[in-house]
Amino acid sequence: MNVTELRPGNYFEDEGTLYQCIDILLNKTAMRKMVAKVKVRNVRTGAITELARNSGYNVEQVSVTKRTMQYLYDDGVSLVFMDPNTYEQVELPKTGMDDVIKYLAPNGEVSVSFYDEEILGVDLPSKVALTVTETEPGTRGDTVTNGGSKDAVLETGLTIRVPLFINVGEKVLVDTTTGKYDKRA
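A brief report on the enclosed structure follows. (Residues numbered from 1 in each chain as written. Predicted model: local features only at pLDDT ≥ 70, side-chain atom pairs only at ≥ 80, totals over all residues. Heavy atoms only, no water.)

**Description of the pattern of salt bridges**
Then comes step 1: Evaluation of the coordinates by the stated rule reveals eight salt bridges.
Then comes step 2: Here Asp 83 and Arg 67 are joined by a salt bridge, their closest N and O atoms 3.3 Å apart. Residue Asp 83 is located in the loop between strand S7 (78-82) and strand S8 (89-93), and its partner Arg 67 is located in strand S6 (residues 65-74); the two are separated by 16 residues in the primary sequence.
Then comes step 3: Ionic pairing is found between Asp 182 and Lys 127, a salt bridge with its closest N-O pair at 3.5 Å. (Salt bridge = Lys/Arg side-chain N within 4 Å of Asp/Glu carboxyl O. Helix = DSSP H or I, 4+ residues; strand = E, 2+ residues; numbered from the N terminus.)

**Notes on the packing of aromatic side chains**
Then comes step 1: One pass over the full model with this rule turns up two aromatic pairs.
Then comes step 2: Look at Phe 12 and Tyr 19: their rings are 5.6 Å apart centre to centre, the planes differ by 35 degrees, and that puts the pair in the tilted class.
Then comes step 3: Owing to a relative accessible area of 11%, Tyr 19 belongs among the buried residues under this scheme.
Then comes step 4: Ring geometry for Tyr 71 against Phe 81: centres 5.6 Å apart, planes inclined by 55 degrees, an arrangement best described as tilted. Of this pair, Tyr 71 sits in strand S6 while Phe 81 sits in strand S7; the two residues are ten residues apart in sequence, bridging distant segments of the chain.
Then comes step 5: Given the relative accessible area of 7%, Tyr 71 is considered buried.
Then comes step 6: Residue classification places Phe 81 among the buried residues on the basis of a relative accessible area of 0%.
Then comes step 7: Over the aromatic face of Tyr 57 sits the side chain of Arg 53, whose NZ or CZ is 5.1 Å from the ring centroid.
Then comes step 8: Residue placement shows Arg 67 over the ring face of Phe 114; its charged tip is 4.5 Å from the ring centre. (Phe/Tyr/Trp six-rings, centres within 6.5 Å; stacked < 30°, edge-to-face > 60°. Buried < 20%, exposed > 50% of the residue type's maximum accessible area, 1.4 Å probe, protein only. Lys NZ or Arg CZ within 6 Å of the ring centre and 35° of its normal.)

**Observations regarding the sheet that holds S6**
Then comes step 1: Sheet architecture is open: five strands sit in the order S8-S7-S6-S9-S10, paired in antiparallel fashion. Taken across any chain shown, the strands that pair with only one partner, and hence form the sheet edges, are S8 and strand S10 (118-123). Within the sheet, the average angular offset between the axes of one strand and its neighbour, ignoring direction, is 45 degrees.
Then comes step 2: Two strands pair when backbone bridges link them, and S7 and S8 are joined in this way by five bridges, in the antiparallel orientation. (Pairing = 2+ DSSP bridges. Axes fitted to C-alpha atoms, helices over the stretch in contact; angles between N-to-C directions.)

**Side note on the layout of surface pockets**
Then comes step 1: The calculated volume of the largest pocket comes to roughly 730 Å³.
Then comes step 2: In this structure, the largest pocket is lined by 27 residues; those nearest its centre are Arg 41, Val 100, Leu 120, Gly 121 and Val 122.
Then comes step 3: The residue inventory of the lining of the largest pocket, partitioned by class, reads twelve nonpolar, nine polar and six charged. (1 Å grid on protein atoms, 1.4 Å probe; cavity = no way out; pocket = protein on both sides within 12 Å on 5 of 7 lines; lining within 4 Å. Points joined across faces, edges and corners; volume = space filled by probe spheres on them. Nonpolar A, V, L, I, M, F, W, Y, C, P; charged D, E, K, R; others polar.)

**A closer look at the environment of Tyr 181**
Then comes step 1: Secondary-structure assignment places Tyr 181 in strand S15 (residues 180-184).
Then comes step 2: Separated by 19 residues in the primary sequence, Tyr 181 and Val 162 place their C-alpha atoms 6.0 Å from one another.
Then comes step 3: In this structure, Tyr 181 is in contact with Ile 160, Arg 161, Val 162, Pro 163, Phe 165, Ile 166, Val 172 and Leu 173, ignoring residues within four places of it in sequence.
Then comes step 4: At 3.4 Å, the side chain of Tyr 181 forms a polar contact with the backbone nitrogen of Arg 184. (Contact = heavy atoms within 4.5 Å. Polar contact = N/O pair within 3.5 Å; in protein donor to acceptor, adjacent residues only side chain to side chain.)

**What to know about the pairing of strand S3 (residues 35-42)**
Then comes step 1: One ladder, built from eight bridges, connects strand S2 (residues 17-27) with S3; its direction is antiparallel. Opposite Asp 23, over in S3, you have Lys 39 as the bridge partner.
Then comes step 2: Counting the residues between successive antiparallel strands, the hairpin from S3 to strand S4 (residues 48-54) contains five residues, one of them, Gly 46, with a positive phi of roughly 85 degrees.

**Here we look at the side chain of Asn 10**
Then comes step 1: For Asn 10, the position within the fold is in the segment before strand S1 (11-14).
Then comes step 2: Using a relative accessible area of 18% as the deciding quantity, one classes Asn 10 as buried.
Then comes step 3: A polar contact is formed between the side chain of Asn 10 and the backbone nitrogen of Arg 7, at a distance of 2.6 Å.
Then comes step 4: Leave out the neighbours within four places in its chain, and Asn 10 touches Glu 5, Tyr 19, Gln 20, Cys 21 and Gln 61.

The following block contains the structure:
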């Protein structure tokens, strides 16, 4: 496909590297060919760069499939996921997955991206329900010193700020993009 036909979210291969298009800017001047400035994410490394290609340049569009999988456990070296339909289990190395691990509760569902048989990564849902394992009791009326919130440690080890009325054992929804408390689950 021509580079000017790329849209955000498209996956493509260029010079042996697999990219996902984040944004594209088409620049046409009077005396030159159109130039496509494509902001891309290297799917294998996660690095974000910008590619500049002329309008006649072709890239190979690839098909990436996403499957809903259930997180089972952390074996110390990798994270184990299972397809709930086929019961097939896959392992992903923990390296580079620090931002995902803190939101993975056992039996939680995530979307796993595949290119042919290669596992590219894990996409979290926008919000996850996690159980509060540690928090201090909220003092009624103590909204001046703490601003109406307190620290809470969740089942995954993640520490967030929650309202004073949240207690140990309650489930809360956490926004995975900001890492902040959303509401009770």
